[in-house]
Structure formats: C-alpha cells, structure tokens
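# Working through the structure, step by step
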Amino acid sequence: MIDDLPYRRVGEPKVGGIVCVADHASAYVPDDIELGVAPELLKTHIAYDIGTDGIADRMGRRHGIAAHIATVSRLVCDLHRTEDSPAVLPTSSDGHLIPGNIGANLDSRLERFHRPYHEALAQWLDDANPELIVALHSFTPKLESKIEDRPWEVGLLYNQDDSAARHAIRLFGEEGLTVGDNEPYSGKELNATMDRHAEAHGRKYMTVEIRQDLIGTKAEQARWAGLITDVANRVALALKAEG
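Structural notes, computed from the coordinates. A quick note: this is a predicted structure, and the numbers were derived from the prediction, not measured. (Residues numbered from 1 in each chain as written. Predicted model: local features only at pLDDT ≥ 70, side-chain atom pairs only at ≥ 80, totals over all residues. Heavy atoms only, no water.)

## Here we look at the sheet that holds strand β8 (residues 179–181)
Rule in force here: Pairing between strands requires that DSSP locate at least two bridges from one strand to the other. In DSSP terms, a helix is any run of H or I states spanning at least four residues, a strand is any run of E spanning at least two, and both are numbered starting from the N terminus. Lines fitted to C-alpha atoms define the axes here, with helix axes fitted over just the stretch in contact, and angles between the N-to-C directions of these axes take values from 0 to 180 degrees. The contact definition used throughout considers only heavy atoms, calling two residues in contact when any of these lie within 4.5 Å.
Taken together, seven strands build an open sheet; the order of strands is β1-β3-β2-β6-β9-β7-β8 and the sheet is mixed. Each end of this open sheet is capped by a strand with a single partner; those strands are β1 (7–10) and β8. Taken pair by pair, the neighbouring strands of this sheet meet at an average axis angle of 20°, ignoring direction. By the bridge criterion, four bridges tie strand β2 (residues 18–22) to strand β3 (residues 66–70) in an arrangement that is parallel. Each residue of the ladder has a partner; that of Ala22, found in β3, is Ile69. Contacts between helix α5 (residues 218–242) and the sheet are confined to β2, β6 (132–139), β7 (154–157) and β9 (205–211), with β6 contributing the most and set at about 140° to the helix.

## Section: the nonpolar core
Spelled out, the test is: For this analysis, a nonpolar core means a set of buried residues of the types Ala, Val, Leu, Ile, Met, Phe, Trp, Tyr and Cys, connected via side-chain atoms within 4.5 Å. The buried label goes to any residue with under 20% of its type's maximum accessible area, the exposed label to any with over 50%, and the partly exposed label to all in between, with areas taken from a 1.4 Å probe on protein chains only.
Counting residues in hydrophobic clusters, the biggest one holds 72 residues, and the most contacted among them are Phe172, Met206, Val208, Trp224 and Ile228. Counting residues per element, this core draws most heavily on α5, at nine residues. Excluding residues that lie within four positions of it along the chain, Val208 makes contacts with Val134, Ala135, Leu136, His137, Val154, Gly155, Leu156, Phe172 and Ile228.

## A word on the pattern of salt bridges
Where charged atoms from two side chains of opposite charge come close, those side chains can pair. Condition: Salt bridges, as used here, are contacts in which a Lys or Arg side-chain nitrogen is within 4 Å of a carboxyl oxygen on Asp or Glu.
Under the counting rule described, the total for this entry stands at 20 salt bridges. The residue Arg115 makes a salt bridge to Glu83 at a minimum N-O spacing of 3.0 Å. Taken together, the positions of Arg115 in helix α2 (residues 106–128) and Glu83 in the loop between β3 and β4 (92–93) put the pair 32 residues apart, joining distant regions of the chain. A salt bridge links Lys204 to Asp161; the nearest nitrogen and oxygen atoms lie 3.3 Å apart. Of this pair, Lys204 sits in the loop between α4 (192–197) and β9 while Asp161 sits in the loop between β7 and α3 (163–174), and the two are 43 residues apart along the sequence. Residue class for Lys204 comes out partly exposed when judged on its relative accessible area of 29%. One connected set of salt bridges, linked through shared partners, spans Arg170, Glu174, Glu175, Asp230 and Arg234.

## Quick word on unusual backbone geometry
A cis geometry characterises the amide bond from Glu183 onward to Pro184, with omega recorded as 10°. Its place among the elements puts Pro184 in the loop between β8 and α4. For Asn129, which is not glycine, the phi torsion reads 45° and is therefore positive. Tracing the backbone through its elements, the reader meets Asn129 in the loop between α2 and β6.

## Observations concerning helix α1 (residues 52–62)
Restricting attention to buried positions, one finds in α1 the residues Thr52, Ile55, Ala56, Asp57, Met59 and Gly60. Where α1 is buried, its residues meet β1, β2, β3, β6, β9 and α5. Looking one or two residues past α1, Gly64 carries a phi angle of roughly 75°, positive in sign.

## A closer look at the environment of Glu153
Put simply, the rule reads: Polar contact is defined as a pair of N or O atoms within 3.5 Å, subject to the rule that within protein one atom must be able to donate a hydrogen and the other to accept it, and that residues adjacent in sequence are counted only when both atoms are side-chain atoms.
With respect to the helices and strands, Glu153 occurs in the loop between β6 and β7. Once the C-alpha coordinates of Glu153 and Thr178 are considered, the two residues, 25 residues apart in sequence, prove to be 5.4 Å apart. Setting aside chain neighbours within four positions, we find Glu153 in contact with Phe139, Gly176, Leu177, Thr178, Glu209, Ile210, Arg211, Leu214 and Trp224. Only 2.7 Å separates the side chain of Glu153 from the backbone nitrogen of Thr178, close enough to count as a polar contact.

Here it is as structure tokens:
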C-alpha cells in the first residue's frame, strides 16, 4: 500500500475518455493483519487476480488508459463485494479456511479499506466522466473445490447493461479467442463495483475476465494490455456510433 491507501493511480484520465479499474490486483496483506493462511496461498488466485496489476499498470503508462488499482488483497477485504455481502470479509476461499477473518472486526476493515477505495473511485470517475470503464479481472483455469470446465480465454461480464460487453465479445472473438458470455461467472451475481459506479450512473463499462495462465509473464501482460486497449477503443467508437 502507498501512503496507507488501498489503491494507487497510474496515468491521468482523459476527461470523457476510457479508464481502467482493477479491484483485485494486489496480494498485499498489511503487517498488522494476521489471516492465518500459509504464505504460499498468497501467491495464488484466492489472494488476488493474477496478472491484472501488470496489465492495468501498462495500460496507464503506455496506452493512455488511466487506472485505479487496488493495493490490498481480497482476503483482507474484498473490494469487489458490497459492504453487506458475507464475502467482503471472506472466511474461506476455494476450499481454504481463512481463520484470521473469523470474528474479525468487519467495520474496521470496511473503514480502513473498502470505504476509502470506493469513495476515491467515485470522485475519480465523477471528475473523469469516462465514456467507457474497463473493469479488469482474471480467473483461474481450475478451481480446487469444484470440478468445472473453464475453456474460455477471456470472458465479458455484465448485469443489466450489456451494450459494451456485446461489442467486446464480438471483437475478442474476431481475434480468434474463445470468449465467455457472462462466463466463468455471471455479472448478474458478481458485479458490485460496476453496479455501484457504472450502472447506477448510466456509465458504459466492459468487465474483462482473462484466464490466468495466459497472463503470467510481463510479455503476456503487455500483449493483453495492447489487445484490451484496442478492443476498448473500438467498443467506445461503436457505442458512440449508436448514439
């Protein structure tokens, strides 16, 4: 964390342009919080969305898409859940118990991480007035707790407004990728940040889920940063043409 903030910023948003939000980009656990999990688990998908920090950072530094990036692990406080969701302070993840969160002070975690993250994001978006938000996530190819086929290389999630997602699904498909439509999980169930900061304000967004085995290296992250930027720009043009 930088200056004890649960987020960092890369790039300056262009007013009326495209911005990126990465809720699960960090595996960082503050020294004063004891989760009670094996250290090696903090390097896995239960702690953060592998690859998204590098992609969001590169989009902000190289591609002109400013990014608001989380700097704390989802195991400490899940910034992509509503305050009243049990999962905002997870006590288990993919079959692993998080004993340090059992009986932990929920309001303290919300006040320290969740509220400042979202209050800052709200102000940032108000100031930027973006034409499109790219919400960036990644998913594990295989869950430990479920037998589940996850063939998609990239997925687009949405709740009520699928206008940007429809264009993105088509454009990623034209790149030869296997694209999930509200897969590997549905944005109608998991869309907290975009429900709050996009749909509630009539802002267009595309939630991009990339399979983690495709973005483990800096070279792969650079490739995807360029690809997502290209698709996002084309989606923004398509939405503008629709009026």
